[in-house]
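Below are the chains, spelled out letter by letter.
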Amino acid sequence: MIKLGIAQTIQTSTNEEGIKQAASLLERLGKNEADVVCLPEQYLPDSKIDDFEATLAPFAKIAKQYSMSVIAGAFYTKSGTKQTISAPVIDDSGQFIGVQDKIHPFDYEGDTVKPGVEAKVFSTKCKFGIIICYDMVFSDVAQTLAKKGSQVLFSPARIVRHGIQPWHLYCQTRALENRIPILAAN
């Protein structure tokens with residue numbers, strides 16, 4: 001049996017406070033023997049991380065300590081002349097094993113965010129895919145991940161209040177279309 005988890009953060013004043021809060025949530029999930037955990041998109045006040053390994057080192061330590069994989073959220077990060085929105089993945093040995101880039105930038109992100117080109121499957125204690133926020137609107141992302149063998153999909157998101165109801169419908173629809181569970185952290 002695989003134990004999956006999502007963590008919901010609350011707004012903090014600094015990135016350091018946000019990392020500390022998220023680390024506390026990960027510790028609690030680790031103590032409850034979670035195998036794979038997902039944090040939301042852009043939960044840090046700055047929303048930008050250029051060095052995942054340095055900034056998210058506390059998460060890697062917790063992942064290793066509890067033998068738990070962590071989808072550390074999704075953040076703006078440098079990509080040539082533009083930026084991407086990327087979700088870093090830490091495996092159960094505390095190693096950063098890759099990132100999933102947001103494939104479909106949202107309306108206002110289009111001018112500054114370079115879209116991702118591949119829906120990746122990560123294999124730790126289970127095979128999972130990551131659908132970042134607005135990517136949930138597009139059926140091709142979930143379908144590609146399901147066809148590639150994902151057993152579960154995680155969605156780090158940052159949905160504003162008036163978008164919550166449609167987002168819930170998109171999550172349910174993608175799960176039904178592909179007969180695959182979706183865990184979404186917002």
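S.K.: What exactly am I supposed to notice about the nonpolar core here?
M.R.: Where a protein is soluble and globular, its nonpolar side chains tend to be buried together. Ranked by internal contacts, the top residues of the largest apolar core, which has 32 residues, are Ile71, Phe128, Ile130, Ile131, Ile132, Leu153 and Phe154. Those elements giving two or more residues to this core turn out to be β2 (36-38), β5 (82-90), β8 (127-130), α4 (139-147), β9 (152-156), α5 (164-178) and β10 (182-185). Filtering out sequence-adjacent residues up to four positions away, Ile132 remains in contact with Glu41, Ala74, Ile85, Ser86, Ala87, Gln100, Asp101, Lys102 and Pro156. Among the nonpolar cores identified, the runner-up in size contains 25 residues, and Leu25, Leu29, Leu44 and Ile62 belong to it.

S.K.: Just to check I follow, could you spell out the environment of Asp51 for this structure?
M.R.: For Asp51, the location among the structural elements is in the loop between β2 and α2 (52-55). For the pair Asp51 and Cys126, spaced 75 residues apart in the sequence, the C-alpha separation amounts to 26 Å. A polar side-chain atom of Asp51 sits 3.3 Å from the main-chain amide nitrogen of Glu53. A distance of 3.2 Å separates a polar atom in the side chain of Asp51 from the backbone nitrogen of Ala54.

S.K.: Would you take a moment to explain helix α3 (residues 57-66) for this structure?
M.R.: Each α-helix winds once per 3.6 residues, and so residues spaced three or four apart point in a common direction. Of all the positions in α3, only Phe59, Ala60, Ile62, Ala63 and Tyr66 are classed as buried. For α3, the angular spread of the buried residues around the axis is 165°, confining them to a single face. Exposed residues lying more than 90 degrees from the buried face of α3 are Lys61 and Lys64. Buried-residue contacts for α3 involve α1 (15-31), β3 (69-71), β5 and β6 (96-101). Just past α3, the residue Ser67 takes up positive phi, approximately 50°.

S.K.: Explain α5 to me, please; I cannot follow it from the model alone.
M.R.: Helix length check: α5, at 15 residues, gives a terminal C-alpha distance of 21 Å against a target of 21 Å (1.5 Å per residue), a fit within 8%. Residues of α5 that are buried include every one of Trp167, Cys171, Arg174 and Asn178, and no others. When α5 is viewed along its axis, its buried side chains cluster within an angular range of 70° and face the same direction. Across from the buried face of α5, at angles greater than 90 degrees, the exposed residues are Gln165 and Leu176. Packed against the buried residues of α5 are α4, β9 and β10. Where α5 ends, the next residue or the one after it, Arg179, has phi of about 50°, a positive value.

What counts, and where the lines are drawn
Residues numbered from 1 in each chain as written. Predicted model: local features only at pLDDT ≥ 70, side-chain atom pairs only at ≥ 80, totals over all residues. Heavy atoms only, no water. Core = buried A, V, L, I, M, F, W, Y, C linked by side-chain atoms within 4.5 Å. Buried < 20%, exposed > 50% of the residue type's maximum accessible area, 1.4 Å probe, protein only. Helix = DSSP H or I, 4+ residues; strand = E, 2+ residues; numbered from the N terminus. Contact = heavy atoms within 4.5 Å. Polar contact = N/O pair within 3.5 Å; in protein donor to acceptor, adjacent residues only side chain to side chain. Arc of directions from axis to C-beta. Expected span 1.5 Å × (residues − 1).

Read these as geometric descriptors, not functional statements.
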